[in-house]
Amino acid sequence: MSSATETLCGQAYGAGQYHMMGIYLQRSWIIDFMTLTILLPFFIFATAIFKLLGENGSIVEASGYVSFWFIPFVYNFVFSLTIQMFLQAQQKNMIIAWLSIAQFVIQIPLSWLLVIKLNYGVPAAMIALSISSWFVVVGEFVYILGGWCPNTWKGFSSAALKDILPVVKLSVSSGIMVCLELWYNAVLVLLAGYMKNADVAISAFSICLNINGWEFMISLGFLGAACVRVPNELGKGDAKVTKFSIKVLVGTSVIIGLFFWILCLIFGNKLGYLFSNEKAVADSVADLSTLLAFSILLNSIYPVLSGVAVGAGLQSTVAIINLCCFYLIGVPIGALLGYVVHLQVKTRGVTLMVSNLHFQPRGCEFESPQEQGEKFLEGSMPGVYLEIASLPQGRGKVCVHTTLPRSH
């Protein structure tokens, strides 16, 4: 849901409506906090939910126990993610990078002390994670309230409580878009729990998701760049530069994806031993390595396209695409291959690849710069009314005049 903050703040910054950025940030805090509180029962009753789904007993107990420790951790996202989007929209990326480095420096020794040295187990790992995560939140607040955002943060305002419904709608569509992407992996792990040798299947698939996640973090960087660059340029009304930025981001991400694709194909037989000494798990990962390689390659494309959609305020459209590709195509194919064709854990790699493959062409259907820019701009910035005037044909540019509602 925090991607709505990125859309609104990015376009406000590009349009020169700097004072609205702080108001959008405060609205996001309210919406995200209320949403997370509503979702708390899923953490509290995780054990009962997994039992209802028929998962393995040991997995159920472990998952239910860990879920309680996630509660203080997840609340940091209400502030850390939204503030990160707020700062990225202003291209203040260095402070985010330094805080992330500080979090890493704090969490590693703290985890070693509590988990290994003092042997406090899972609770200690979650405590270390929570402390390091809330450190980032404190650092972000110090940066904002300390006067380093003089144009975009004017203090707490009652205006954050007005015209909140359009932001709620965009936040909900943003949340659905991202959740459909992330929950898909969880569904695949859940399905793996019903297979023969479930422990090996879940371990192998989790290793592949972990490796995929390493490369995905790089793609998320390009997603963040798209989320900043696209709304900034659309806020300025320059559709031609927007389209050029998309080409550069997708091209760069694909080149990096090709590099990791080659690595997975060459060292596929050894990848499993980075995580486990069990031969059965390592062999299962080796069987998945080719599918993993192609999943990584496709994963280098769709995060960038998702970032473009976020920057343009098209979260609802991408949510529908995700629903169709991941759940109407991917999950049924996975169930069919896994339980009817008996491909077992291999079906998870096939499902990931097929779903990502279906995502690509739908995200790449761009029109001319001027037409695409006009469609992106119209109605993509709740709370700010846009008057669009096209320049002479062939200029590839859109002139935009923004007018704030009278309530502001």
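Residues numbered from 1 in each chain as written. Predicted model: local features only at pLDDT ≥ 70, side-chain atom pairs only at ≥ 80, totals over all residues. Heavy atoms only, no water.

Under an unreviewed UniProt entry, the name given to the protein is Protein DETOXIFICATION 24-like isoform X1, and the organism recorded is Nicotiana tabacum.

Draft legend 1. Representation of the environment of Leu263. Mapped onto the secondary structure, Leu263 falls in helix 10 (residues 239-266). Note: C-alpha distance between Leu263 and Ala293 (30 residues apart in sequence) is 8.1 Å. (Helix = DSSP H or I, 4+ residues; strand = E, 2+ residues; numbered from the N terminus.)

Draft legend 2. Main features of the packing of aromatic side chains. Under the defined criterion, the tally for this structure stands at 15 aromatic pairs. Ring plane angle 10° and centroid distance 5.6 Å describe the contact between Tyr143 and Trp148, whose orientation is recorded as stacked. Residue classification places Trp148 among the partly exposed positions, given a relative accessible area of 48%. An angle of 70° between the planes, with centres 5.7 Å apart, marks the rings of Trp261 and Phe294 as edge-to-face. Of the two residues, Trp261 sits in helix 10 while Phe294 sits in helix 11 (residues 279-299), which places them 33 residues apart along the sequence. (Phe/Tyr/Trp six-rings, centres within 6.5 Å; stacked < 30°, edge-to-face > 60°. Buried < 20%, exposed > 50% of the residue type's maximum accessible area, 1.4 Å probe, protein only.)

Draft legend 3. Spatial organisation of the environment of Leu25. Turning to its location among the elements, Leu25 is positioned in helix 2 (residues 19-44). Here the alpha-carbon distance between Leu25 and Leu8, two residues 17 residues apart in the chain, equals 9.0 Å. Sequence-distant contacts of Leu25, that is, excluding residues within four places in its chain, are made with Thr5, Thr82, Ile83, Phe86, Ile144 and Trp153. (Contact = heavy atoms within 4.5 Å.)

Draft legend 4. The arrangement of the packing of helix 1 (residues 3-14) against helix 5 (residues 76-89) in detail. Where helix 1 contacts helix 5, the axes come no closer than 8 Å and their chain directions differ by 25°. The pairing of helix 1 with helix 5 is recorded here as roughly parallel in orientation. The crossing of helix 1 and helix 5 is right-handed. Here Thr5, Glu6, Cys9, Gly10 and Tyr13 of helix 1 lie close against helix 5, whose contacting residues are Thr82, Met85, Phe86, Gln88 and Ala89. (Axes fitted to C-alpha atoms, helices over the stretch in contact; angles between N-to-C directions. Parallel < 35°, antiparallel > 145°, perpendicular 65-115°, else oblique. Left-handed = near helix turned anticlockwise from the far one by under 90°.)

Draft legend 5. Structural detail: a nonpolar patch on the surface. A contiguous nonpolar surface patch, about 640 Å² in accessible area, is contributed by Leu39, Phe42, Ile44, Phe45, Ile49, Leu53 and Phe68. For the nonpolar patch, the leading source of residues is helix 2, giving 3 residues. Among the secondary structure elements, Ile49 is positioned in helix 3 (residues 46-52). Assessed through its relative accessible area of 32%, Ile49 is described here as partly exposed. (Patch = residues over 30% accessible without salt bridge, like charges linked within 9 Å, V, L, I, M, F, W, Y side chains within 5 Å. Areas by Shrake-Rupley, 256 points an atom, 1.4 Å probe, with all protein chains shown as cover. Salt bridge = Lys/Arg side-chain N within 4 Å of Asp/Glu carboxyl O.)

Draft legend 6. Main features of the pattern of salt bridges. Taken as a whole, this structure holds 3 salt bridges when the rule is applied. The partner of Lys279 in a salt bridge is Asp283, with the nearest N and O atoms 2.7 Å apart. Placement of both Lys279 and Asp283 in helix 11 is noted, with a separation of 4 residues, approximately one turn of the helix. Salt bridges here are not isolated pairs; linked through shared partners, they connect Arg229, Glu233 and Lys236.

Draft legend 7. Geometry of unusual backbone geometry. Within the chain, Gln91 stands out as a residue other than glycine whose phi angle is a positive 60°. Examined against the element boundaries, Gln91 turns out to sit in the loop between helix 5 and helix 6 (93-117).

Draft legend 8. Main features of the nonpolar core. Judged by nonpolar contacts, the single largest core of 27 residues is most densely connected at Tyr24, Leu25, Phe86, Leu87, Ile144, Cys149 and Trp153. Looking at this core, the element that brings in the most residues is helix 2, giving 7 residues. (Core = buried A, V, L, I, M, F, W, Y, C linked by side-chain atoms within 4.5 Å.)

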